[in-house]
Each structure stands twice: as structure tokens, then as C-alpha cells.
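# Per-entry structural report
Spelled out, the chains give:
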Amino acid sequence: MSQILCCPVHHIDIESEAGHFSCPRCGVVGRAVGPVLSFLSENDNFYEGKYNNRTKYKPWDDGFLATLPLRIVLQGYPTEVAKFVPAGSTVVEIGCAGGIDWFASRYQMIGVDLSLTALHIAAENYDKVIQCNAMRLPIKSEAVDAVISSCLFEHLTDEDKDALLREANRVLKPGGKLVFFYDIETENPLILAYRKLQPKLYERLFLEGDGHLGYSDIQGNRVHFDRTGFDICREIFHERTPMLGNSVWQKFAQWPGRMGKVGLAAKLATSGIFRLPYLAVLSLTDTAIGRFFPARYARGMTTVAKKR
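Residues numbered from 1 in each chain as written. Predicted model: local features only at pLDDT ≥ 70, side-chain atom pairs only at ≥ 80, totals over all residues. Heavy atoms only, no water.

## Some remarks on a nonpolar patch on the surface
What counts here: Patch membership needs two things, relative accessible area over 30% and no salt bridge, and members are linked within 9 Å if like-charged or within 5 Å if nonpolar (Val, Leu, Ile, Met, Phe, Trp, Tyr). Areas reported here follow the Shrake-Rupley algorithm with a probe of radius 1.4 Å; residue values treat only the protein chains shown as occluding. Salt bridges are defined as contacts in which a side-chain nitrogen from Lys or Arg sits within 4 Å of a carboxyl oxygen from Asp or Glu. To qualify as a helix, a DSSP run of H or I must reach at least 4 residues; to qualify as a strand, a run of E must reach at least 2; elements of each kind are numbered from the N terminus.
A contiguous nonpolar patch, built from W60, F64 and L65 and spanning about 440 Å² of accessible area, is present on the exposed surface. Among the secondary structure elements, W60 is positioned in the loop between β4 (36-38) and α1 (64-73).

Right under this line is the structure:
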């Protein structure tokens, strides 16, 4: 792990002196900010301190009951990682926020994020935490076993999606795995009904407000993986039924008229003390009957891919 860093531009060895990282060709490329290795000249105004969530639950084994809370709260993202990435692997998590403690106990974790605040939290458990642009990772080529991410891909433009995936391909060892969980452009009838009523409000809350620059449909996202050197191994579709996550109802509560009242009622019924029970029901619904709904109704998906 100590020899894994490199210049994010030229991908050659860097030297560390007095808390600064220098490239023989670029000069100074980064600095240490406490436990965080920063390769940004300034913090990102949109993301700094916005997503600091940390998942502290650690299952006692890999069984269904032990991992059930992670399946409920994070829609199975951690368990899909565990299924395809062997314990002990070196893993880069892009957009790691405050990190997932189970990953820290299972893998050699490198957390990457734009937010310095989030990385200080992740540093409590992860082996390395790096503040950088994910399209320019300061990590040597073919150095890691897996690249994983949740709730990041939809924040990228099409051009940046390709750049990120090419960079992930570069740092992965041959045959390395990629696991991405992300929101997608959906044809869910309930969401479409709200969108049709207030298209500008939809754009403001769902796209601009969340920084979702890269909402794309299923096939549109598949194209990015294919043309950047990945073969898709598995796809899982989330929230295909009218049962949707609390973050959706929070936005729908801001609609005018009767539909806004429905959104407000659903928001209250899926938050606070009702949050975890609702997530359990949502997960059960997805698992039991979600498969009977068209994939295009899904609000999110997980893509597992392998480097060619």
C-alpha cells in the first residue's frame, strides 16, 4: 500500500517531503492534510461537507441474516461487493464519503472523495484516504483489485463517465472488478406522473439540486462500460415498484396541490422512527415482486463489471 501512489498526470513515482508530494516532471502535486492525502488545489464548493455519511454496522459473517441490515439500508451494494471481491483485496472506493466500516475490516481500503470533511471521517478506518479528481487518480497502473462506488455515477456527464471508467480500468489489475451502484433515468409511472405535472420543478429538485448531471437510462449507461474496456457480469435493478425511497418522497412533498400532499404524507411515513421499518419493507418488495416490473421502471441499478 505504501508504494501505490503516483503522479496523477504522468503516473510515475512521487517523492514525499515535509508533507508535500512532488513529481520529477510536474513539481508539487499534493500535500498531506492530517491523515488526508490531498491532490486538489482547493475544495469543491458543491460537495465539501455535503455527504459525510458513514456506515458503522459490521456483520459477524457473510451470511444473509448477518448482512441483512446492509441489504436494507444500502440496497445490497456492500454485499454485492463482498460477493465479487475476495477478502484481503486492495479496493478503491470512489466517492467514499465517511466510509463503510465493514469494508475497512474486510479489505485494504483506499477512499477517494472531493470532500475533505468526509475523508477525515473515513480516515478513522480506511488505510488511505485521498482527496482528488477521480478522473485523475494518483494511483499506479494495475495496482488494485477492485474499484467500487455508490451514488456517484449519476453525478457525472457522459464525457466524465468515460474518463472515470478509463481511469478505473487503468488502475485495475487484469481481470479486476468494478461495482457501481447509481441512480438512473427512470420510466417509473409514479415518477413520470409527478414529472409531467411540474417538469421544471422536477429538474430543479431531482437534477440541479442533487447535482445529477448524468441521469441516463439503462442502455445509455451500459454503453459507457462497454467502450471503456469492461464486460458486465451482473445487473441489479432497484425500486421498480411504486414503493420508492424517502429521498424521492421528500422531493414530491414540495409539489403543489393534491400530489404534494400525497408526497408529504409518504415523506412522514418513511422517515424518523418509520425509516428502518419502511426500508425493510421496501427491500422485501424489491426482492419479492420487483422482478415482475419492467427494468425501465427502476430508479437505480448496480452494475458489476470485469476489466477485459
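## Focus on the nonpolar core
Note the cut-off: Here, the term nonpolar core denotes a set of buried Ala, Val, Leu, Ile, Met, Phe, Trp, Tyr and Cys residues that are joined through side-chain atoms within 4.5 Å. Classification of residues uses two cut-offs on accessible area relative to the type maximum, computed with a 1.4 Å probe and protein chains only: under 20% is buried, over 50% is exposed, and between them is partly exposed. Two residues form a contact once any of their heavy atoms are found within 4.5 Å.
Ranked by size, the top nonpolar core spans 40 residues in total, and within it I130, I139, V144, V147 and F180 carry the most contacts. When near neighbours in sequence (up to four residues on either side) are disregarded, I139 contacts I4, C6, V92, I110, I130, V144, R170 and V171. Membership of the second largest hydrophobic core comes to 24 residues, among which are V81, A82, A146 and V304.

## A few points about the sheet that holds β4
The strands that make up a sheet pair up through hydrogen bonds in the backbone, lying either parallel or antiparallel. Condition: Strand pairing is assigned whenever DSSP identifies at least 2 bridges connecting the two strands. Note on geometry: axes are lines fitted to C-alpha atoms, helical ones only across the stretch in contact, with angles between N-to-C directions running from 0 to 180 degrees.
Taken in spatial order, the 11 strands line up as β1-β2-β3-β4-β7-β6-β5-β8-β9-β11-β10 in an open sheet, and their pairing is mixed. The open sheet has two edge strands, β1 (15-17) and β10 (230-238), and neither has a second partner. Within the sheet, the average angular offset between the axes of one strand and its neighbour, ignoring direction, is 20 degrees. Across three bridges, β4 lies against strand β7 (residues 128-131) in parallel orientation. Directly across from L37, in β7, lies its bridge partner I130. Its contacts with the sheet place helix α8 (residues 218-227) against β9 (172-183), β10 and β11 (300-307), and it is angled at close to 155 degrees to β10.

## Description of unusual backbone geometry
Positive phi, normally seen in glycine, also occurs at A18, with a value near 55 degrees. Assignment of secondary structure puts A18 in the loop between β1 and β2 (20-23). Under the relative-accessibility criterion, A18 is labelled exposed at 74%. The phi angle at E239 is positive, at roughly 55 degrees, despite the residue not being glycine.

## Here's the deal with the environment of R234
The condition that has to hold: In protein, a polar contact requires one atom able to donate a hydrogen and another able to accept it; more generally it is a pair of N or O atoms within 3.5 Å, and residues adjacent in sequence count only if both atoms are side-chain atoms.
By the secondary structure assignment, R234 is in strand β10. Residue R234 is classed as partly exposed on the basis of its relative accessible area, which comes to 33%. What R234 contacts, discounting residues up to four positions off in sequence, is E80, K83, F84, T302, T303 and V304. Here the side chain of R234 touches E80 through a polar contact of 3.1 Å, side chain to side chain.

## Some points on helix α5 (residues 158-171)
This is how the line gets drawn: Expected span, for any helix, means 1.5 Å times one less than how many residues it has.
Helix length check: α5 (14 residues) gives 20 Å between terminal C-alpha atoms against 20 Å at 1.5 Å per residue, within 8%. Within α5, the full set of buried residues consists of K161, D162, L164, L165, E167, A168, N169, R170 and V171. Contacts made by the buried residues of α5 are with β5 (90-94), β8 (144-150), β9, α8, β10 and β11.

## Examining the pairing of β11
Judged by how many residues are buried, β11 sits mostly within the fold: seven of eight residues are covered. The pairing of β9 with β11 spans seven bridges and is classified as antiparallel. Paired with L178 across the strands is A305, a residue of β11. When β10 meets β11, the two strands line up antiparallel, connected through eight bridges. For F230, the partnering residue across the bridge sits in β11 and is K307.

## Digging into the environment of T302
Looking at where T302 falls in the secondary structure, it is placed in strand β11. You can call T302 buried: its relative accessible area is 0%. In this structure, the C-alpha to C-alpha distance between T302 and N188, residues 114 residues apart in sequence, is 17 Å. Looking at T302, its side chain comes within polar contact range of the side chain of H238, at 2.9 Å.

## What about the confidence of the model for the protein chain?
The line we're drawing: The quantity called pLDDT is the predictor's confidence in a given residue, expressed from 0 to 100.
Per-chain confidence: the protein chain averages 93 in pLDDT, with 99% of residues scoring 70 or above. Here β1 stands out as the element of the protein chain with the lowest mean pLDDT, 89, in contrast to β5, whose mean of 98 is the highest.

## Concerning the packing of aromatic side chains
For clarity, the cut-off: Aromatic rings from Phe, Tyr and Trp, taking only the six-membered ring of Trp, are treated as a pair when their centres fall within 6.5 Å; an angle between ring planes under 30 degrees marks them as stacked, one over 60 as edge-to-face, and anything in between as tilted. Lysine and arginine charges are scored as sitting over a ring when NZ or CZ, respectively, is within 6 Å of the ring centre and within 35 degrees of the ring normal.
Counted according to the given criterion, the structure contains 18 aromatic pairs. Taking 6.5 Å as the distance between ring centres and 25 degrees as the angle between the ring planes, the aromatic pair formed by W102 and F103 counts as stacked. A relative accessible area of 5% means that W102 is categorised as buried. Site record: aromatic cluster; members linked through ring pairs are Y194, Y202, F206, W249, F252 and W255. Positioned over the ring face of F153 is K161, at 4.9 Å from the centre of the ring. The ring of F206 carries the charged tip of K251 above its face, separated from the ring centre by 5.4 Å.

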